[in-house]
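Reading the structure
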Amino acid sequence: MRSSHWIGFLAERPGQGRRKQRQLRQPNRQPGGGVGEGEWGTDEDEKMDLLFGLLWLLTSFLQGVHSQGVYAPPTVRIVHAGQACNVKEEQHSERVYVIREGETLELQCLVTGHPRPQMRWTKTSGGASDNQGKLSLKGETLKIENISRQQGGRYYCKAENGLGFPAIRSIRVDVYYLDKPVITVHQSDDEAKEQFYFERTVFLRCAANSNPPVHYTWTRDKEVLAEGSDSGVEIYKPFFTQGQTKILKLKNLRLQDYADYTCFASVKNSCGIRDRSTHFILNNKTGLHKGRFWITPDPYHNEDNIQIGREVKISCQVEATPSDELQFSWLKNGRPLKSSERMVITHTDPNISPGTTNLDIIDLKFTDFGTYTCVASLRNGGIPEISIDVNISSTTVPPELSVPKGQSRLIVLEGDTVDLQCLVSGKPKPIIMWSRVEESGQIAALAPVMPDGSAEMESYDGILRIYNVTRKMSGAYRCQTSQYNGFNVKPREALIHLVVQFTPTVKPVYTEVRQALGRPFTLTCNLLQAYPAHHLQYEWKLGSRLLTVGQFSDQSHDTSYHVKALNREGYGEYTCNITNEAGAGWCTFLLTGKAYRPEFYHDTFNALWENRPQVYGFKLQWTQMEPNSVDRIMAYRLGIRQMDQTRWWEQEIPIGGPIQKGQLLTYNLTELIKPESYLVRLTPITRYGEGDASERTITYSAPVNPHLREFHCSFEEEALCSFSQDKSDEFDWIRQSGTKEGTTYTPNTGPSSDHTGSSPGFYMFIETSRPGLEGDKARLMSPIFNINTKSVSSSSASNNPIYCFTFFYHMFGKHIGALNIFLRLKGQMLTDALVWSLTGNQGNYWQQARVNIHPTTTFQVVMEGVRGSGIEGNIAIDDVTIEEGECKDSPSNNLKSLASLPSYYVSLLYISQSLLLIGWQR
């Protein structure tokens, strides 16, 4: 605390009648102005005692009426900050927030309910990876900087406090983007190629990722190509792509078709996204690609061995563009080989890609052993040839596969590293492919994936090494020879069974149990999974003291420990160990008598009030979580410190009787120094000791002007004269002028200029187009004003200051709803009093309203627009003025002003409305 100020507290508790209040004494001053350690006293004046006593009588009465306390289920609303590219309608009930990729999204989840609901954000309808963009959660606000397309989708705010059903609201975020288009070349067989060829039909496909759907334009050497402009060109969209691609078909390539093509992609400047393009030069380059071979021993007799006197077939496969230009030749030991009766050379259809040539050696002789070379080339030349060597000799041996002895079944502990090994022989030595199968050896319909997430894994040494083995990796693994660059024989295969043992999985892993003395309790540990699952043992301990031991039966899945009556020695940490051959799993229970935390009440309309010129007060309200679970709460320890200080001031608040669940407790903090903020800590105390503490921050919010004389706002500045939107309403007021760009007018409603007739002039209006619903409200709140206390007579309580509130309104359209004016008083409890209201069509012109208001404390004026039954219901306001003194001209009756009522009627109205608001809180 500041050394030059005192801070005092007045404690009160509802439901205690006229009992003597316990007050806190202000700390004694020490020489030099410091704060000493003096005791607390009872120096509050009698008027304050009487005032708060009456307030608590009222609260006690309301608590008797509302015996369920102040607990209330959660409610949720989502609002967004910033300007959207567009807010479009979906299914007449939802607004879709549109934002450009790379910009900042900010969503706020407004939550009410008591106890304070736990709130969390979730998302669906988007990509699985949301790591692009900087995402932050601060309180109830979700903020995504540099938002990416994957982060578009539906965002849900879920709030729950254990009462009723969780409250869930959602908003759909549509991220607009446009990538640079990509051109790919396709042949008539629809297989994409990196190159293309002449004297054939070529398809140039342009595709771009975008949102919204993209529109394409093709040019050839800067000439726009359109359907029908060239008989050799067709432009169309494949039906299966839903407009996300555009194909340019060049039929029977001509000389002019070898040119520079450009594809332009556009989303028509949606969200300010500019068009993008890509270029492509069409020529007649060709190319060869990868090749491979395999050997088939005696294909007609299904033999797996190479034998003298039998047949051997060598196959060679190469990819080429164009495929019909591909040609093959064969060499033996470097010399050209021609087809003969014993050396038969054949080729597949050149239109089948990739191309294949076969060399059949019939009646294999010893002289046929050697190196055979398959050479692939293109008829036009210009591209290096591809050659593949294949050795056929007496040492050429088909593969054999086996598992080392004793390695066909492996038992490991979870977390270990294991090697699965298959021994492979043969020349050439084949690659081994590993996969997971069912225990029978068959591939399952939904076979588990390999440890790296793939369906198969390659191995050149026959070893599959698995690190950090998990229980999900148990099962049968198959090793199998690959045909790639090897023998085209029936694959050799073997199975290895992997068994992963793991310690028992139990729940709860950790639980805190709170219990009052003398009561019974039971602790239960549940077995979820274990391998091996037989001969499971359990033991219960309190600290290091053994309580009981036992063994699970085949049918049991849990074990419990019972205590008939808890004593002080029974508090502590209980552990249940369940063990098998692999190890142990633990359930841990911490049994205490600590009281649960207090639940601060946040839904008070306004707990802050003006106390004296230099100080303010705050009504701290809370309920107690689960008060009957532990011994009776005897007191609370209240700690408070100024935010920029380190010293805590503490005081104990005694509690005279048992606290009921949902009962609202109150402690009034007074003499808080303006404009400082404070951190408050509240700790319940039972005979067990201190329970869990709760903290909250108290922040002072000063009125915008110290003493109101005259206020005027014409909404010409974007700051709106410190007017603000109410975040708890259904939609917002909009600042508008007749010349503002982007304005969409609804016919037969709303003004075309401000009330002076100036089109550039600004005013505020409500837009009632869809998806708004009838009865939706938009509230605009004035700044906070202090009343001029010098004009208040101390001899008469009814002689409060009077102010004249004037404004212009425009209510034209057949669907006009209502315009309501409320006077909001900012005392210890918030009160909204309706002082003016008008409904229905009032004609296509501006009119002025004048209302006398009688604030008794700090106040605001709330202007509420209510949507009517249709879209022709826009309401506008302009030139708001508040002046001290009565309105010069009495408000006319047709305005339905409520301010002309006698002051005592107005007071009764305020009191009744206050009672209703208090009851609503309860």
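Here the structure is shown first, and the text comes after it.
Just so it is clear, the model here is predicted, and its values are computed rather than measured.

Describing the packing of aromatic side chains
Under the defined criterion, the tally for this structure stands at 20 aromatic pairs. Taking 5.6 Å as the distance between ring centres and 55° as the angle between the ring planes, the aromatic pair formed by Tyr809 and Trp836 counts as tilted. Taken together, the residues Tyr809 in strand 60 (residues 803–811) and Trp836 in strand 62 (residues 830–839) connect sequence positions 27 residues apart. Grouped by ring-pair contacts, the aromatic residues Phe711, Phe715, Phe723, Phe785, Tyr803 and Phe859 constitute a single cluster. The ring of Tyr596 carries Arg514 above its face, with NZ or CZ at 4.4 Å from the centroid. Stacked on the ring of Phe762, the Lys or Arg Arg735 has its end atom at 3.6 Å from the ring centre.

What to know about the state of the cysteines
Scanning the entire structure with this criterion turns up seven disulfides. A sulfur-sulfur distance of 2.0 Å marks the disulfide that ties Cys422 to Cys479. On the sign convention where negative means left-handed, the S-S torsion of about -85° between Cys422 and Cys479 marks this disulfide as left-handed. Highlighted residues: Cys422 in the loop between strand 31 (418–421) and strand 32 (423–427) and Cys479 in strand 36 (residues 475–481), separated in sequence by 57 residues. Note that Cys713 is cross-linked by a disulfide to Cys721, the S-S spacing being 2.1 Å. The sign of the S-S torsion, about 85°, decides the handedness of the disulfide formed by Cys713 and Cys721: right-handed. Of all cysteine sulfurs, the one in Cys525 lies closest to Cys576, which takes part in no disulfide; the gap is 3.9 Å.

Considerations on the sheet that holds strand 20 (residues 276–281)
The sheet built from four strands is open, its strands ordered 16-15-19-20 with antiparallel pairing. Of all the strands in the sheet, just strand 16 (223–225) and strand 20 have a single pairing partner and so form its edges. Adjacent strand axes in the sheet meet at a mean angle of 30° when their direction is disregarded. Pairing of strand 15 (residues 215–220) with strand 19 (residues 260–266), which is carried by six bridges, proceeds in the antiparallel orientation. Within strand 19, the residue paired with Thr219 across the bridge is Thr262.

Brief notes about the sheet that holds strand 27 (residues 370–378)
Reading across the sheet, the four strands line up as 24-23-27-28 and stay open at both edges, with antiparallel pairing between neighbours. Of all strands in the sheet, those with a lone pairing partner are strand 24 (335–337) and strand 28 (386–392), marking the two edges. Across the sheet, the mean angle from the axis of one strand to that of its neighbour is 35°, orientation sign disregarded. Bridge count between strand 23 (residues 326–332) and strand 24: three bridges; the pairing is antiparallel. Each bridged residue has a counterpart across the sheet, and for Leu331 the counterpart in strand 24 is Pro336.

Basis of the calculations
For every chain, the first residue of its written sequence is number 1, and the numbers climb from 1 along that sequence. For a predicted model such as this one, the threshold for reporting local features is a pLDDT of at least 70, and the threshold for listing and counting side-chain atom pairs is 80 or more; totals across whole chains, interfaces and linings nevertheless cover every residue. Only hydrogens and water are set aside; all other atoms, that is, all heavy atoms of the structure, feed into the side-chain values. Planes of paired rings set the category: under 30 degrees apart is stacked, over 60 is edge-to-face and the rest tilted, where pairs are Phe, Tyr or Trp rings (Trp by its six-membered ring) whose centres lie within 6.5 Å. A run of H or I in DSSP counts as a helix once it spans at least four residues, and a run of E counts as a strand once it spans at least two, with each numbered from the N terminus. Charge over a ring is defined by NZ of Lys or CZ of Arg lying within 6 Å of the ring centre and within 35 degrees of the ring normal. When two cysteine sulfur atoms are found within 2.5 Å, that pair is recorded as a disulfide. Criterion used throughout: strands pair if DSSP finds at least two bridges between them. Each axis is a line fitted through C-alpha atoms, and for a helix only the stretch in contact is used; angles between axes span 0 to 180 degrees, taken between their N-to-C directions.

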